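A closer look at the structure
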Amino acid sequence: LSNVGATWTARDSSRFWFGISVSSDGKNQTDVTIDGQIYTSYDYGITWTARDSARQWHDVSISSDGKYQTAVAYQGQIYISADYGATWTARDSNNYWEKVAVSSDGKYQTAVTAVPGGQIFTSSDYGTSWTATVASGYWSGVAVSSDGKYQTAIVLDGQIYTSYDYGITWTARDSARSWRDVAMSSDGKYQSAVVY
């Protein structure tokens, strides 16, 4: 919405919407549905176009300008786009993908899986290739700073994990709780996590 959230207008159709991401200027927006397609808007969310195939989409994250986009499908693959979400390419293997976060330029990306022994997966090449790192459990959220250097991932009924080196190494923080989601400021200094 264009008035800082004061009023709201329904757009597109009623669907099982599951995740959304917006470019820094708000013009490019991408939504995913849990039992349908990816939807993109290039006009600040006024009109929407269906993209790719129907899958169990769980999350989407886009670069600051909206050019680079990554979506994850539960019991599916990671999908990347380098053309503002118009076309999508499958990456990595089938997994229980839960959440994904992308740096401002799209270069650094982190995705997590929600399955026993689930892992953190990182990419430093715009989502083309992925490397598995920490294995801990049901990951429920991930956040990445604007430059990708600072990253935080959380485990449902586990701990918070932080990385200060673009997701290469991770340190467990705080106590085991039912962590549900996490967010951070652009520079990574300020972070908040919520418990279910």
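Residues numbered from 1 in each chain as written. Predicted model: local features only at pLDDT ≥ 70, side-chain atom pairs only at ≥ 80, totals over all residues. Heavy atoms only, no water.

1. Things to note about the nonpolar core
Ranked by size, the top nonpolar core spans 11 residues in total: A101, V112, I120, V134, W139, V142, V144, A153, V155, Y161 and W170. Formed by 9 residues, the second largest nonpolar core is a distinct cluster that contains I62, A73, Y79 and W88. (Core = buried A, V, L, I, M, F, W, Y, C linked by side-chain atoms within 4.5 Å. Buried < 20%, exposed > 50% of the residue type's maximum accessible area, 1.4 Å probe, protein only.)

2. A closer look at the environment of G19
With respect to the secondary-structure elements, G19 resides in strand β1 (residues 17-22). What makes G19 buried here is its relative accessible area of 14%. Taking the C-alpha atoms as reference, G19 lies 8.5 Å from I34; in sequence the two are 15 residues apart. Apart from residues no more than four positions distant in its own chain, G19 is found in contact with T30, D31, V32, D59 and V60. (Helix = DSSP H or I, 4+ residues; strand = E, 2+ residues; numbered from the N terminus. Contact = heavy atoms within 4.5 Å.)

3. A few points about the packing of aromatic side chains
Inspection of the entire model under this criterion finds 8 aromatic pairs. Between W97 and F121, the aromatic rings sit 4.8 Å apart at their centres with planes inclined by 65 degrees, giving edge-to-face as the arrangement. Remark: F121 occurs in strand β9 (residues 119-123) and W97 occurs in strand β7 (residues 89-102); sequence separation between them is 24 residues. Look at Y150 and Y164: their rings are 5.7 Å apart centre to centre, the planes differ by 65 degrees, and that puts the pair in the edge-to-face class. Here Y150 is found in the loop between β11 (139-144) and β12 (151-163), whereas its partner Y164 is found in the loop between β12 and β13 (171-184), with 14 residues between them in sequence. Taking relative accessible area as the criterion, Y164 reaches 48% and is therefore assigned partly exposed. (Phe/Tyr/Trp six-rings, centres within 6.5 Å; stacked < 30°, edge-to-face > 60°.)

4. A closer look at unusual backbone geometry
The residue D12 is not glycine, and still its phi comes out positive at about 55 degrees. Tracing the chain through its elements places D12 in the segment before β1. In this structure D12 comes out as partly exposed when scored by relative accessible area, which is 35%. Positive phi, close to 65 degrees, is recorded for Y126, a residue that is not glycine.

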